[in-house]
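# What the coordinates show
This is what each chain is made of:
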Amino acid sequence: MAETVTVELFGSLRRHAGGAATVQVEAATIRDLLKGLGAAYPGLAPQLKRGVSVSIDGKIYTEAMFQPISPENEVVLLPRIAGG
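Below or above, wherever it landed, is the structure these notes cover. (Residues numbered from 1 in each chain as written. Predicted model: local features only at pLDDT ≥ 70, side-chain atom pairs only at ≥ 80, totals over all residues. Heavy atoms only, no water.)

Here the focus is the overall build of the protein. Each helix and strand counted, the protein has two helices and five strands in total. Moving toward the C terminus, one meets the helices and strands of the protein in the order β-β-α-α-β-β-β. Since a compact globule built from 84 residues should have a radius of gyration of about 12 Å, the 12 Å found for the protein is in line with a globular shape. The C-alpha extent of the protein, read off along each of the three principal axes, is 35 × 30 × 20 Å. Buried residues in the protein amount to 38% of all 84 residues. For the protein, restricting intrachain contacts to residue pairs at least 6 apart in sequence, the fraction spanning at least 24 positions comes to 50%. Looking at the protein as shown, the accessible area adds up to about 5100 Å², and 53% of this sits on carbon and sulfur atoms. Averaged over its 8 positive side-chain charges, the protein has a centre that lies 14 Å from the centre of its 8 negative ones. (Helix = DSSP H or I, 4+ residues; strand = E, 2+ residues; numbered from the N terminus. Rg over C-alpha atoms; globule rule 2.2 N^0.38 Å. Buried < 20%, exposed > 50% of the residue type's maximum accessible area, 1.4 Å probe, protein only. Contact = heavy atoms within 4.5 Å. Areas by Shrake-Rupley, 256 points an atom, 1.4 Å probe, with all protein chains shown as cover. Lys, Arg positive; Asp, Glu negative; His and termini not counted. Charge placed at Lys NZ, Arg CZ, Asp CG, Glu CD.)

Following this line, the structure appears as structure tokens:
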């Protein structure tokens, strides 16, 4: 069951959520989190589609859509950095 999770938006993602440093969304997994953020903050939707990383308690996830999250976790949304 999804509970309300607080998410810190890092860097340039803040401007796409009206300048908010933190937002809240109901989510039980990273997939729920991204879907909920896109619906609640349409300005974030293109950024989410382009790709972001999610940090849960300091561990960064890029492809783990079904990774569980809960209100007790520290969740940070980061723009994905391209590198080579």
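Another point: the sheet that holds strand E5 (residues 75–79). With mixed pairing, the five strands of this open sheet are ordered in space as E2-E1-E5-E3-E4. The two strands at the open ends of the sheet, each matched to only one other strand, are strand E2 (22–27) and strand E4 (59–61). Pairwise comparison of adjacent strand axes, ignoring direction, gives a mean angle of 35 degrees for this sheet. In this structure, strand E1 (residues 3–9) lies alongside E2, joined through six bridges in antiparallel fashion. Residue pairing for E2: Val5 is matched across the bridge by Val25. Each of E1, E2, strand E3 (52–56), E4 and E5 touches helix H1 (residues 30–40); the most contacted strand, E2, lies at about 120 degrees to it. (Pairing = 2+ DSSP bridges. Axes fitted to C-alpha atoms, helices over the stretch in contact; angles between N-to-C directions.)

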